[in-house]
Amino acid sequence: MTKLSDNIARAQDYMARFAKEGVMNRIGGQTVPAQSGETFQTISPVDLKPLAQVAKGGAADIDAAVAAAQKAFATWGRMPGAERRKILHQVADAIEARAEEIAFTECMDTGQVLRFMSKAALRGADNFRFFADKAPQAEDGQALRTANQMNVTSRRPIGPVGVITPWNTPFMLSTWKIAPALAAGCTVVHKPAEFSPMTARLLVEIAEDAGLPPGVLNLVNGMGEDAGKALTEHPGIKAIAFVGESRTGSMIMAQGAKTLKRVHFELGGKNPVIVFDDADLDRAVDAATFMIYSLNGERCTSSSRLLVQDSIYDDFTARVAEVANRIKVGHPLDPDTVVGPLIHPEHEAKVLSYFDRAREQGATIAAGGEKVGEEGCFVRPTLFTGATNDMAIAQEEIFGPVLTAIPFRDEEDALSIANDVDYGLAAYLWTNDLNRAMRMTDRLEAGMMWVNSENVRHLPTPFGGVKASGIGRDGGEWSFDFYMETVNVSFPRQLHKVPKLGG
Ligand code: NAD
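Residues numbered from 1 in each chain as written. Predicted model: local features only at pLDDT ≥ 70, side-chain atom pairs only at ≥ 80, totals over all residues. Heavy atoms only, no water.

K.L.:
So what's going on with the overall build of the protein chain? Which residues, and what values?
P.N.:
Per the secondary structure count, the protein chain includes 17 helices and 22 strands. The globule rule puts the C-alpha radius of gyration for 503 residues at 23 Å, and the 24 Å found for the protein chain is close to it. Considering only C-alpha atoms, the protein chain reaches an extent of 85 × 60 × 35 Å along its principal axes. Among the 503 residues that make up the protein chain, the fraction classed as buried is 58%. In the protein chain, the share of contacts with a sequence separation of at least 24, taken over all contacts with a separation of at least 6, comes to 75%. For the protein chain, the accessible area works out to roughly 20,300 Å², and carbon and sulfur atoms hold 52% of it. For the protein chain, the centre of its 52 positive side-chain charges and the centre of its 63 negative side-chain charges are spaced 8 Å apart. (Helix = DSSP H or I, 4+ residues; strand = E, 2+ residues; numbered from the N terminus. Rg over C-alpha atoms; globule rule 2.2 N^0.38 Å. Buried < 20%, exposed > 50% of the residue type's maximum accessible area, 1.4 Å probe, protein only. Contact = heavy atoms within 4.5 Å. Areas by Shrake-Rupley, 256 points an atom, 1.4 Å probe, with all protein chains shown as cover. Lys, Arg positive; Asp, Glu negative; His and termini not counted. Charge placed at Lys NZ, Arg CZ, Asp CG, Glu CD.)

K.L.:
Tell me about the domain arrangement of the protein chain, residues and numbers included.
P.N.:
You can read the domains of the protein chain as domain 1 (2–267 + 469–487) and domain 2 (272–451). Placing a centre on the C-alpha atoms of domain 1 and another on those of domain 2 gives a separation of 30 Å. For the domain 1 and domain 2 pair, buried surface summed over both sides reaches about 2,700 Å², with 68% attributable to carbon and sulfur atoms. Put simply, domain 1 and domain 2 have 0 salt bridges between them. At the surface where domain 1 touches domain 2, the tally comes to 11 residue pairs in polar contact (both at pLDDT 80 or more). (Domains from an automatic or database assignment. Buried area = accessible area lost by both parts, 1.4 Å probe. Salt bridge = Lys/Arg side-chain N within 4 Å of Asp/Glu carboxyl O. Polar contact = N/O pair within 3.5 Å; in protein donor to acceptor, adjacent residues only side chain to side chain.)

K.L.:
Can you explain the pattern of salt bridges? Please cite residues and give values.
P.N.:
Following the criterion strictly, the structure yields 35 salt bridges and no others. Its salt-bridge partner being Asp474, residue Lys177 comes within 2.5 Å of it at the nearest N-O pair. With Lys177 in helix α7 (residues 170–184) and Asp474 in the loop between β21 (470–471) and α17 (476–483), the pair connects residues that are 297 residues apart, well separated along the chain. Notably, a salt bridge pairs Lys229 with Glu233, separated by 3.1 Å at the nearest N-O pair. Highlighted residues: Lys229 and Glu233, both in helix α9 (residues 224–233), separated by 4 residues, approximately one helical turn. Taking relative accessible area as the criterion, Glu233 reaches 34% and is therefore assigned partly exposed.

K.L.:
So what about the sheet that holds strand β19 (residues 448–451)? Which residues, and what values?
P.N.:
With respect to topology, 7 strands assemble into an open sheet ordered β14-β15-β16-β13-β12-β18-β19, the strand pairing being mixed. Bordering the open sheet on either side are β14 (364–367) and β19, each of which pairs with just one other strand. Across the sheet, the mean angle from the axis of one strand to that of its neighbour is 25°, orientation sign disregarded. Bridge count for strand β15 (residues 382–385) against strand β16 (residues 402–408) is 3 bridges, and the pairing is parallel. In the sheet register, Thr382 faces β16, and the bridge partner there is Val402. Together, β14, β15 and β16 form the strand contacts of helix α13 (residues 345–360), whose direction differs from that of β15 by roughly 25°. (Pairing = 2+ DSSP bridges. Axes fitted to C-alpha atoms, helices over the stretch in contact; angles between N-to-C directions.)

K.L.:
I'd like a description of the site of the ligand, backed by residues and values.
P.N.:
For the ligand, the set of nearby residues contains 28 residues, the closest of which are Lys191, Glu194, Thr248, Leu267 and Glu397. At 2.8 Å from an oxygen atom of the ligand is found a main-chain nitrogen or oxygen belonging to Thr165. Contact between the ligand and Gly224: an oxygen atom at 3.3 Å from a main-chain N or O atom of the residue. Every element with two or more residues in the shell around the ligand is listed here: α9, β10 (239–243) and α10 (246–257). Split by residue class, the shell around the ligand holds 14 nonpolar, 8 polar and 6 charged. Composition of the shell around the ligand by domain shows at least three residues from each of domain 1 (2–267 + 469–487) and domain 2 (272–451). (Near = heavy atom within 4 Å. Nonpolar A, V, L, I, M, F, W, Y, C, P; charged D, E, K, R; others polar.)

K.L.:
Explain the nonpolar core to me, and be specific about the residues and the numbers.
P.N.:
If you look at the biggest cluster of nonpolar residues, it comprises 109 residues, and the most contacted ones within it are Ile95, Phe128, Leu182, Leu212, Val275 and Leu306. Sort the elements by how many residues they give to this core and α7 lands first, with 10 residues. When neighbours within four sequence positions are excluded, Leu212 is seen to be in contact with Trp76, Ile87, Leu88, Leu182, Ala207 and Leu217. If you look at the next biggest cluster of nonpolar residues, it comprises 31 residues, including Met391, Ala392, Ile398 and Ala418. (Core = buried A, V, L, I, M, F, W, Y, C linked by side-chain atoms within 4.5 Å.)

K.L.:
With reference to specific residues and values, describe the side chain of Arg201.
P.N.:
Within the secondary structure, Arg201 is located in helix α8 (residues 198–209). In this structure Arg201 touches Arg17, Phe18, Val23, Met24, Arg26, Thr31 and Leu219, once residues within four positions along its chain are discounted.

K.L.:
Help me get a handle on the packing of aromatic side chains, residues and values and all.
P.N.:
Summed over all chains, the structure comprises 12 aromatic pairs. Taking the centre distance of 5.9 Å and the plane angle of 85° together, the rings of Phe242 and Phe265 count as edge-to-face. Residue Phe242 is found in strand β10, and its partner Phe265 is found in strand β11 (residues 262–266); the two are separated by 23 residues along the sequence. Comparing Phe242 with Phe265 shows no difference in burial state: the two are buried. Both rings, one in Tyr428 and one in Trp450, keep their centres 5.5 Å apart while their planes meet at 15°; by these two values the pair is stacked. You can see Tyr428 sitting in strand β18 (residues 426–430) and its partner Trp450 sitting in strand β19, a full 22 residues away along the chain. We note that Tyr428, like Trp450, is buried. Above the plane of the ring of Phe18 lies Arg17, whose end atom (NZ or CZ) is 4.8 Å from the centre. One Lys or Arg, Arg123, reaches over the ring of Trp176 and ends 5.4 Å from the middle of that ring. (Phe/Tyr/Trp six-rings, centres within 6.5 Å; stacked < 30°, edge-to-face > 60°. Lys NZ or Arg CZ within 6 Å of the ring centre and 35° of its normal.)

K.L.:
Could you give an account of the packing of helix α6 (residues 120–134) against α17, with specific residues and numbers?
P.N.:
Axis separation between α6 and α17 bottoms out at 11 Å; the angle between their running directions is 70°. Between α6 and α17, the angle is such that the two are roughly perpendicular. Each of Phe130, Phe131 and Lys134 in α6 lies in contact with α17, whose residues at this interface are Gly476, Glu477, Ser479 and Phe480. (Parallel < 35°, antiparallel > 145°, perpendicular 65-115°, else oblique.)

K.L.:
I'd like a rundown of the pairing of strand β3 (residues 39–43), residues and numbers included.
P.N.:
Bridge analysis of β3 against strand β4 (residues 50–55) gives 5 bridges, and the strand direction is antiparallel. Within the sheet, the bridge partner assigned to Phe40 lies in β4 and is Val54. Hairpin connection of β3 to β4: 6 residues between the antiparallel strands, including Leu48 at a positive phi of 65°.

K.L.:
Requested: an account of helix α3 (residues 81–97), with residues and values cited.
P.N.:
An α-helix turns once every 3.6 residues. As a result, residues three or four positions apart point the same way. Between its first and last C-alpha atoms α3 spans 24 Å; for 17 residues at 1.5 Å apiece the expected length is 24 Å, and the two agree. If you check which residues of α3 are buried, you get Gly81, Arg84, Ile87, Leu88, His89, Val91, Ala92 and Ile95. Those residues of α3 hidden inside the fold are in contact with α2 (59–76), α4 (99–110), α6, α7 and α8. (Expected span 1.5 Å × (residues − 1).)

See below:
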């Protein structure tokens with residue numbers, strides 16, 4: 001038996017329960033179908049075969065989940081942080097214990113490949129541990145004293161919150177949003193993406209088995225315009241943490257306006273990797289190709305625009321094309337596969353449409369540019385050269401293993417091309433000139449920048465974007481600021497003169 005066939009057999013075992021039970025909602029510690037009884041099918045992008053029927057939740061299911069979250073908030077929100085810390089560490093341990101199941105399920109449901117997903121559970125567990133350790137201090141504030149008064153600030157959990165997640169790396173992203181909410185003392189109603197419902201189901205099950213009380217984390221599956229919309233409009237939900245497309249973010253902001261919803265948005269990106277001719281080019285080639293061709297390019301921080309100084313443009317892009325041509329496209333459970341199938345035929349059609357648009361607009365396809373095989377949503381790693389920044393392939397988020405290379409002359413030119421997009425999530429800069437790195441990072445419009453590096457995450461640092469890439473920051477204290485209300489209480493330090501009116 002090869003490693004791949006062995007992995008496929010094990011994945012089938014993990015999938016069997018979902019095929020039998022479906023992917024149901026989980027509300028107040030109970031596994032329940034949608035109240036309407038409706039379901040929808042989730043398919044695997046490997047072969048488009050159905051994996052399971054999924055509960056198609058709507059407003060009534062959201063109502064029930066919010067009621068459960070409100071009930072649980074009365075105790076979870078008041079539990080000492082040290083106790084929450086203990087339970088969340090148990091959740092982290094339990095996630096690690098089911099790492100293979102999480103990885104295999106994610107691969108089959110999303111097409112993400114095992115070589116990256118084998119770490120998804122570890123990263124998910126890290127998210128829980130990191131925020132768990134901060135729970136005991138989450139309420140802490142400052143003492144701000146004047147001669148007459150002592151002001152004491154503290155934070156308290158905002159209440160039940162809604163978490164809405166997308167389909168790329170759904171397990172990791174769900175834990176990144178849910179762990180800080182729970183650590184802060186909030187309870188959660190989670191609406192995962194309809195293309196990738198399976199690992200969200202595993203997460204709530206794992207968390208409850210590990211000791212998370214019922215109703216603290218609730219799961220409602222369904223369509224964005226239905227279950228998602230109802231969640232954002234619900235008066236019992238105090239805040240919405242959303243990860244997804246920029247245009248969905250706009251809709252959610254409008255939907256939440258009536259109930260004055262606090263929102264946190266992690267949205268799309270069209271992130272530049274800028275390579276100057278003085279850079280360590282070997283490392284720059286590896287980093288640029290890693291950041292666009294790993295995770296199938298379905299990654300918000302992918303380096304989807306390659307800006308290369310004109311003196312090295314031809315050589316550098318030739319090297320990138322060589323790497324792209326060598327990358328193995330294949331079954332996500334094959335340990336050697338680098339690029340697996342895109343999430344869904346609808347998304348594949350969107351990605352493929354950019355190949356035609358690139359040709360029409362006069363760019364060159366230097367690598368890839370085609371579908372692989374007849375079965376499943378496989379697309380070859382692609383490089384467009386000869387592009388200009390006004391082309392759709394340079395402006396729009398394609399969200400696949402597709403890189404657009406554009407030459408630049410000097411710093412000013414690089415900055416103007418890099419900043420001339422709607423998005424501003426991440427930027428990557430390659431130069432060995434420290435002063436240039438300072439000048440460039442001062443003026444690049446991005447929430448996160450990496451100099452001479454691919455995206456290397458450190459959980460205490462702020463994560464988020466500027467412009468159409470987001471509102472708010474996650475990570476460290478920033479997450480708690482979102483999931484908590486800061487209140488101030490003022491005490492007199494001495495008896496001051498209170499103004500007397502009417503006397
Ligand atoms: P999407 O916006 O289509 O969907 C995301 C979620 O929103 C899904 O659960 C969907 O059901 C829900 N939704 C859709 N319409 C809704 C509505 N009207 N009200 C409430 N919920 C609604 O995004 P996607 O296609 O699933 O994910 C890809 C996008 O996510 C890309 O743009 C990517 O850049 C972005 N993303 C951003 C980050 C980040 O940290 N900035 C991370 C990962 C992904």
